[in-house]
Amino acid sequence: MSEKNKGDKIYPLGYEPQEVPETDDNDVRNQLLDFILKSGPTEFVDTDLFAVMAKRRSTRKFSDKPVETTKVDKIIAAADTAPTAGNFQGFEIFYVKSVEKKKLLVPACNKQPYVNAPVVFVFCKNPSRVKFDFPDYVLKKFAIQDATLAAGYSQLAAQALGLSSIWIGMFDEQKVMDVLGTDLVPSSILCIGYPEQTKFPKSRRNLKDLVHVAW
Ligand SMILES: Cc1cc2nc3c(=O)[nH]c(=O)nc-3n(C[C@H](O)[C@H](O)[C@H](O)COP(=O)(O)O)c2cc1C
């Protein structure tokens, strides 16, 4: 693949960003990120990534036990470690703390009661952050991938911290935007808390049906 220089960075041809991300701001942000990620102690951390993946189950019943702020911080920081298109981070997270707003999200999410969970994050797309000179539909595609991947990282982080979660994709975008008072379109909602009970992993299709080897 041919490459092109942009400032002191090399990008694949056609992927050169129009604006190179600000390095100064990133330094500050990265210090905070590092601090949060390395901070401890937390009550529980499973550092075996594959065990975390294997044990994660969607949970729709949370206990009343509040989630510690250090864990919330780490879950947010985990989202911030996810790769994003051009490192433009084309997503935003709404951390819904208001009891009232959480209740309002339930009807906005097809009346799913567990949306009113101890911790609620709404991951929104922000294609305007993605400064590539590509058509709008490409920027939107990047933003939805950025937001989705970040939410996935947060979901695994929550599991690693001994929490459980439910991914909510069934919602009325406009209603959620009205509750949050934002123009940003949500891509997913992640509801997190301590599970009332742990569950066995769900079955999946046979790997041979999942993977198509293209020679
Ligand atoms: C894109 C997406 C949308 C989803 N939307 C909802 C939803 O609106 N409500 C819900 O209860 N679960 C939702 N889920 C959770 C799935 O039902 C769940 O992940 C699936 O049944 C597999 O179970 P597991 O997560 O326990 O492995 C969603 C999951 C994904 C990835």
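No experiment lies behind these values; they were computed from the predicted model shown.

(A) Representation of the overall build of the protein chain in the model. Across its full length, the protein chain carries seven helices and six strands. Along the protein chain, from the amino end to the carboxyl end, the secondary structure elements read β-β-α-α-α-β-α-β-α-β-α-β-α. Across the 215 residues that make up the protein chain, the buried fraction comes to 30%.

(B) Examining the packing of helix α3 (residues 69–81) against helix α5 (residues 136–160) more closely. Close contact between α3 and α5 brings their axes to 7 Å; oriented N to C, the two are set at 140 degrees. On the basis of their axis angle, the class for α3 and α5 is oblique. Once α3 is placed against α5, the crossing between them reads as right-handed. Across the interface between the two elements, K74, I75, A78, A79 and T81 from α3 touch A150, A151, Y153, S154, A157 and A158 from α5. The residue makeup of the contact of α3 with α5, split by class, is eight nonpolar, two polar and one charged.

(C) Here's a closer look at the site of the ligand. Residues in close proximity to the ligand include R57, S58, R60, Q112, I166, W167, I168, G169, M170 and K202, which together make up its full environment. Looking at side-chain class alone, the shell around the ligand contains four nonpolar, three polar and three charged residues.

(D) Here's a closer look at α5. The end-to-end C-alpha distance of α5 is 36 Å, a good match for the 36 Å that 25 residues give at a rise of 1.5 Å each. Downstream of α5 by a residue or two, G162 has a phi angle that is positive, lying close to 85 degrees.

(E) Seen up close, the sheet that holds strand β4 (residues 119–125). Judged by pairing direction, the sheet is antiparallel, and its four strands sit side by side in the order β3-β4-β6-β5 without closing on themselves. Looking at the sheet topology across the chains shown, the edges are occupied by β3 (91–96) and β5 (164–168). Averaged over all pairs of adjacent strands, the angle between strand axes in this sheet comes to 20 degrees, irrespective of strand direction. Pairing of β5 with strand β6 (residues 185–193), which is carried by five bridges, proceeds in the antiparallel orientation. Bridge pairing in β6 places W167 opposite L190. Sitting on the sheet, helix α6 (residues 173–180) touches β3, β4 and β6, and the angle it makes with β6 is about 70 degrees.

(F) Summary view of the nonpolar core. Residues V120, V122, F123, I189 and C191 are the most contacted members of the largest nonpolar core, which totals 46 residues. Breaking this core down by element, the ones donating at least two residues are α3, β3, α4 (99–108), β4, α5, β5, α6 and β6. Looking at this core, the element that brings in the most residues is α5, giving nine residues. Discounting chain neighbours no more than four positions away, the residues touching I189 are C109, V115, V120, F121, V122, I168 and F171.

(G) Region of interest: the environment of E173. Tracing the sequence through the fold places E173 in helix α6. Look at E173 and you get partly exposed, because 13 C-beta atoms sit within 10 Å. E173 sits 15 residues away from S188 along the chain, and the two C-alpha atoms are 9.6 Å apart. Residues contacting E173, with those up to four places away along its chain left out, are V185 and P186.

(H) Quick peek at the environment of Y137. Structurally, Y137 is set in helix α5. Each C-alpha atom of the pair Y137 and P127 lies 9.3 Å from the other, and the pair is 10 residues apart in sequence.

Rules behind the numbers
Residues numbered from 1 in each chain as written. Predicted model: local features only at pLDDT ≥ 70, side-chain atom pairs only at ≥ 80, totals over all residues. Helix = DSSP H or I, 4+ residues; strand = E, 2+ residues; numbered from the N terminus. Buried ≥ 20, exposed ≤ 12 C-beta atoms within 10 Å, placed from the backbone. Axes fitted to C-alpha atoms, helices over the stretch in contact; angles between N-to-C directions. Parallel < 35°, antiparallel > 145°, perpendicular 65-115°, else oblique. Left-handed = near helix turned anticlockwise from the far one by under 90°. Contact = placed C-beta atoms within 7 Å. Nonpolar A, V, L, I, M, F, W, Y, C, P; charged D, E, K, R; others polar. Near = placed C-beta within 6 Å. Expected span 1.5 Å × (residues − 1). Pairing = 2+ DSSP bridges. Core = buried A, V, L, I, M, F, W, Y, C linked by C-beta atoms within 7 Å.

This is a description of form; function is not addressed.
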